[in-house]
Amino acid sequence: MPRTPVSEARKPERIGQQTLIQGWVRTRRDSKAGFSFLEINDGSCMANLQVIVDGSLPNYETEVKRLTAGCSVSVHGQIKPSSGKGQATELLAETVQVHGWADPESYPLQKKRHSFEKLREWAHLRPRTNTFGAVARVRNCVCQSIHQFFQQRGFLYIHTPIITASDCEGAGEMFRVTTLDLENVPRQQGTVDYSMDFFDRPSYLTVSGQLEAEIFATALGNVYTFGPTFRAENSNTSRHLAEFWMIEPEMAFYELTDNMDLAEQFLKQICRDVLERCGEDMQFFHDRIDNTVLATLDSIVQHQFIRLPYTDAVEILQRSGQTFEFPVAWGSDLQSEHERYLTEQHFQRPVVLYDYPRVIKPFYMRVNDDGRTVRAMDVLVPKVGEIIGGSQREERLEMLEQRMVEQDLRPDDYWWYLDLRRFGTVPHAGFGLGLERMLQFITGMANIRDVIPFPRTPGSAEF
RNA sequence: UCCCCUGUAGCUCAAUGGUAGAGCGAGCGGCUGUUAACCGCUAGGUUGCUGGUUCGAGUCCAGCCGGGGGAGCCA
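Visitor: For this particular structure, what's the right way to read the packing of helix α3 (residues 130-152) against helix α5 (residues 256-277)?
Guide: What describes two packed helices is the angle between their axes and the distance between those same axes. It is the contact of α3 with α5, at a shortest axis distance of 9 Å, that shows an interaxial angle of 135°. Accordingly, the angle class assigned to the pair α3 and α5 is oblique. The two elements α3 and α5 cross, and the hand of that crossing is right-handed. Taken together, the residues of α5 that come into contact with α3 (itself represented by Val-138, Cys-141, Val-142, Gln-144, Ser-145, Ile-146, Gln-148, Phe-149 and Phe-150) are Leu-262, Gln-265, Phe-266, Gln-269, Ile-270, Asp-273, Val-274 and Arg-277.

Visitor: Any chance you could explain the domain arrangement of chain A here in plain terms?
Guide: How big an interface is tends to be stated in terms of the accessible area lost upon association of its parts. As assigned here, chain A comprises domain 1 (6-100) and domain 2 (127-450). A C-alpha centroid distance of 46 Å is found between domain 1 and domain 2. Buried area between domain 1 and domain 2, both sides added, is near 640 Å², and the carbon and sulfur share of it is 44%. Among the residues domain 1 hides against domain 2, the three largest losses belong to Trp-24, Arg-26 and Met-46. Together they make up 72% of the total. Applying the counting criterion to the domain 1 and domain 2 interface returns zero salt bridges. Here the side of domain 1 that touches domain 2 is built from residues that sort into four nonpolar, three polar and one charged.

Visitor: Would you mind showing me how to read the protein's contact with RNA strand B here?
Guide: Looking at RNA strand B, there are 51 residues lining it, with Lys-85, His-240, Gln-335, Arg-340 and Arg-437 nearest. Here, RNA strand B places atoms within 4 Å of the protein, and 50% of those atoms are sugar or phosphate. Leu-241 is positioned with one of its backbone polar atoms (N or O) 2.9 Å from a base nitrogen of RNA strand B. Secondary structure elements with two or more residues in the surface near RNA strand B: β1 (18-31), β2 (35-41), β3 (49-54), α2 (116-121), β13 (243-252), α9 (336-346), β17 (385-392) and β18 (428-434).

Visitor: So what exactly am I meant to see when it comes to the side chain of Thr-89 here?
Guide: Mapped onto the elements, Thr-89 comes out in strand β5 (residues 89-100). At a separation of 2.7 Å, a polar atom in the side chain of Thr-89 contacts the main-chain carbonyl oxygen of Ala-9. Ignoring any residue separated from it by four or fewer positions in sequence, one finds Thr-89 in contact with Ala-9, Arg-10, Lys-11, Pro-12, Ile-15, Leu-49, Ile-79, Lys-80 and Ser-82.

Visitor: Even after reading the chapter, I still don't get the sheet that holds β1, so can you show me in this structure?
Guide: For sheets, the rule is that strands pair by backbone hydrogen bonds, running either parallel or antiparallel. Ordered by their spatial adjacency, five strands build a closed barrel running β1-β2-β3-β5-β4, and the pairing between neighbours is mixed. Across the sheet, the axes of successive neighbouring strands diverge by a mean angle of 55°, strand direction being ignored. Here six bridges tie β2 to β3, and the two strands are oriented antiparallel to one another. The partner of Phe-35 across the bridge, within β3, is Asp-54.

Visitor: For this particular structure, what's the right way to read the pattern of salt bridges?
Guide: It is possible for side chains bearing opposite charge to pair when their charged atoms get close. Across all of its chains, the model carries 27 salt bridges by this definition. Between Glu-121 and Lys-118 there is a salt bridge whose closest N-O contact spans 3.3 Å. Remark: Lys-118 and Glu-121 occur in helix α2; sequence separation between them is three residues, near one turn of the helix. A salt bridge links Asp-450 to Arg-120; the shortest N-O distance between them is 2.7 Å. Highlighted residues: Asp-450 in the segment after α12 (435-443) and Arg-120 in helix α2, separated in sequence by 330 residues. Its relative accessible area of 2% is what places Asp-450 among the buried residues.

Visitor: In this structure, what is going on with a nonpolar patch on the surface? I would like to understand it.
Guide: Judged by side-chain polarity, Leu-156, Ile-215, Phe-216 and Leu-220 come together as a nonpolar surface patch covering roughly 320 Å² of accessible area. Sorting elements by how many residues they give to the nonpolar patch places helix α4 (residues 210-220) first, with three residues. Note on placement: Leu-156 falls in strand β6 (residues 156-157). With a relative accessible area of 39%, Leu-156 lands in the partly exposed category.

What counts, and at which threshold
Residues numbered from 1 in each chain as written. Chains lettered and ligands numbered in written order. Predicted model: local features only at pLDDT ≥ 70, side-chain atom pairs only at ≥ 80, totals over all residues. Heavy atoms only, no water. Axes fitted to C-alpha atoms, helices over the stretch in contact; angles between N-to-C directions. Helix = DSSP H or I, 4+ residues; strand = E, 2+ residues; numbered from the N terminus. Parallel < 35°, antiparallel > 145°, perpendicular 65-115°, else oblique. Left-handed = near helix turned anticlockwise from the far one by under 90°. Contact = heavy atoms within 4.5 Å. Domains from an automatic or database assignment. Buried area = accessible area lost by both parts, 1.4 Å probe. Salt bridge = Lys/Arg side-chain N within 4 Å of Asp/Glu carboxyl O. Nonpolar A, V, L, I, M, F, W, Y, C, P; charged D, E, K, R; others polar. Near = heavy atom within 4 Å. Polar contact = N/O pair within 3.5 Å; in protein donor to acceptor, adjacent residues only side chain to side chain. Pairing = 2+ DSSP bridges. Buried < 20%, exposed > 50% of the residue type's maximum accessible area, 1.4 Å probe, protein only. Patch = residues over 30% accessible without salt bridge, like charges linked within 9 Å, V, L, I, M, F, W, Y side chains within 5 Å. Areas by Shrake-Rupley, 256 points an atom, 1.4 Å probe, with all protein chains shown as cover.

Printed below as a string of structure tokens:
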């Protein structure tokens, strides 16, 4: 008999059916009348299935009464209407098979709340908790929604390389990839001889698939990447990981407003899907984690995002009467406190900032006719901050080369990137969404380490 | 990397420089179609590590290690 998920067994229409349930005991309660209640969770949903085990079962005294939180079982029996409160159905056990015990003296997870910090030390067990089960289900839902969004619009899913030799964008510190013996590095005239390395040159883990995505966008139209991304920055914050997942669509013949339109539709669709498909989990996040998440998602779906040129944002901040730790000045990047003021206080909803000063943005962003700004856009949301960064790309060869020189990059190193402009160049645009930041925003989980199964941060890679 | 906070029982936290405690969890017993169950009893500690000050250090000082919050970097 195939197993029935708890999510199914809890439905009233299952009453009367012979059923096999397999999962992990959350708690056991004994009745003096000679039977026990088991709460079984199998991860298919937030809720447990209540199992009634009568004392007449042959292994009742020897096994069932020794079951504790964490034990794994198969229970076979019939679904009955539940006379108690809290559930429509329950399973009347005919057999209970114990697969694995979990000694309560040494099993770390207790029948009580644990702090997220403590649970991070038990990353191998935390998926067995309500919160991390819910995070895993919502994460899965968001990923499915992302693929669906692009697939329905005819975007091609492109796999860009994880190992790269281009120190692209200068976007922060990169992880080295090497097969050289670090105890005995080959040297040529004092410096490391990378011709002896696996790829005959220094190579790294990718910090972005954008440049490669542009190759495919300028051949096939609309594409997206969705994969792991690595930053070797020594960042210790609730919003940074050394390994995270990023979604990067890249669209030919898109200009910045098209890009903003797509980003907004994209975020709205994810929120809609989560509300529709993860109702129970979202209710949990609302009740136990952050009681604003449901209202926030509703509001995202219903309201237009604010769109605001950087220059106007600077003006709003300067006129705000707020005292900021860092002064606001045109030409310097906005600080976290500035972004937070705009999105959490002034507008109280997502804000798309665009047309940033040329000097603070990377070479590939298209220069505006004013010469001093570029067609960049950042989507800022309350609490999490920057969730999307994107731009219309510079498609004019001469301008792109000029921008590289401006930023001390050697155009020769990017010969293939420049070829895209040299041959059949088109206006195009794209953006990057940080999956974990999106999940933080949706679930209200305060720390990014709690929305990825196995967080990688400086000094931490245990599991 | 910088600034601030923090490290005591399995977990969450108390303890004026003077004999280390509580709640929860666990074990045992009681009660109960129960559901964050409830009541009673019991066990459980090298106070992160190293050094220093002191008659005496969980407490004060220094260094190191871990955790958290904020900043920078960004998604």
